[in-house]
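Residue-level listing of the chains:
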Amino acid sequence: QVQLVASGGGLVQPGGSLRLSCVASGSIFSTYAMGWYRQAPGKQRELVAAITSGGSTNYADSVKGRFTISRDNIKNTVYLQMNSLKPEDTAVYYCNLKYELGSYDYWGQGTQVTVSS
């Protein structure tokens, strides 16, 4: 079993920055991708950014050029650097771990990001 703990959310003004962190612990058996998802009130959860064990990244169109995902494999940690934040970025952000040799997902508890208007 894997546990994920996310942190770093908060309240910022438009144009501000935040860095989210998510630490994975427990029994990690093989290579894995990690990602960040977000869900705003009344909206479906969406993938924000993901990174594979080899470092390949993928971003939602809405955050390209503003957000950067990275990982530290020794620490089993994924980061999301969010710059030039907009009110529409307001959501609960969830981290995710998915085995690349399988399809089982693990989820963090979520951290609230609020960008004022």
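For the structure itself, look to the data block above.
Residues numbered from 1 in each chain as written. Predicted model: local features only at pLDDT ≥ 70, side-chain atom pairs only at ≥ 80, totals over all residues. Heavy atoms only, no water.

Draft legend 1. Looking closely at the packing of aromatic side chains. For the coordinates displayed, the defined rule picks out 4 aromatic pairs. Centroid distance phenylalanine 29 to tyrosine 99: 6.5 Å. Interplanar angle 5°. Geometry classified as stacked. Remark: tyrosine 99 occurs in strand S9 (residues 91-99) and phenylalanine 29 occurs in the loop between strand S3 (18-26) and strand S4 (32-39); sequence separation between them is 70 residues. Their ring planes at 55° and their centres at 5.1 Å tell us that tyrosine 104 and tyrosine 106 sit as a pair that is tilted. By relative accessible area, tyrosine 106 is classed as buried at 11%. One aromatic cluster is present, built from ring pairs that chain together Phe29, Tyr99, Tyr104 and Tyr106. Positioned above the aromatic ring of tyrosine 37 is the side chain of arginine 45, whose terminal nitrogen or guanidinium carbon lies 5.2 Å from the ring centre. (Phe/Tyr/Trp six-rings, centres within 6.5 Å; stacked < 30°, edge-to-face > 60°. Helix = DSSP H or I, 4+ residues; strand = E, 2+ residues; numbered from the N terminus. Buried < 20%, exposed > 50% of the residue type's maximum accessible area, 1.4 Å probe, protein only. Lys NZ or Arg CZ within 6 Å of the ring centre and 35° of its normal.)

Draft legend 2. View of the environment of tryptophan 36. The residue tryptophan 36 is located in strand S4 in this model. By relative accessible area, tryptophan 36 is classed as buried at 0%. With 27 residues separating them along the chain, tryptophan 36 and glycine 9 place their C-alpha atoms 13 Å apart.

Draft legend 3. Structural context of the environment of glutamine 1. With respect to the helices, strands and loops of the structure, glutamine 1 is situated in the segment before strand S1 (2-7). Separated by 28 residues in sequence, glutamine 1 and phenylalanine 29 place their C-alpha atoms 9.3 Å apart. Among residues more than four places away in sequence, those in contact with glutamine 1 are Ser25, Gly26, Ser27 and Tyr106. (Contact = heavy atoms within 4.5 Å.)

Draft legend 4. Layout of the nonpolar core. Core analysis: the biggest nonpolar cluster contains 32 residues, and Leu4, Trp36, Leu80, Met82 and Tyr93 have the highest contact counts within it. Looking at this core, the elements that each hand over two or more residues are S1, S3, S4, strand S5 (46-51), strand S7 (67-72), strand S8 (77-82), S9 and strand S11 (111-115). The dominant element in this core, judged by the number of residues it contributes, is S9, at 5 residues. Those residues in contact with methionine 82 that sit more than four places away from it in its chain are Gly16, Ser17, Leu18, Leu20, Arg66, Phe67, Tyr93 and Val113. (Core = buried A, V, L, I, M, F, W, Y, C linked by side-chain atoms within 4.5 Å.)

Draft legend 5. Focus on the pairing of S3. Across 6 bridges, the pairing between S1 and S3 is antiparallel. Paired with alanine 6 across the two strands is cysteine 22, which belongs to S3. Here 6 bridges tie S3 to S8, and the two strands are oriented antiparallel to one another. When the sheet's bridge partners are listed, valine 23 is paired in S8 with threonine 77. (Pairing = 2+ DSSP bridges.)

Draft legend 6. Structural detail: the pattern of salt bridges. By the definition in use, this model includes 4 salt bridges. Across the pair aspartate 89 and arginine 38 runs a salt bridge whose closest N-O atoms are separated by 3.0 Å. Of this pair, aspartate 89 sits in the loop between S8 and S9 while arginine 38 is found in strand S4, placing the two residues 51 residues apart along the sequence. Taking the relative accessible area as the measure of exposure, arginine 38 reaches 6% and is therefore buried. The residue arginine 66 makes a salt bridge to aspartate 89 at a minimum N-O spacing of 2.8 Å. Note that arginine 66 is positioned in the loop between strand S6 (57-59) and S7 and aspartate 89 in the loop between S8 and S9, a separation of 23 residues in sequence. Across the pair, aspartate 89 and arginine 66 agree in class, each one buried. (Salt bridge = Lys/Arg side-chain N within 4 Å of Asp/Glu carboxyl O.)

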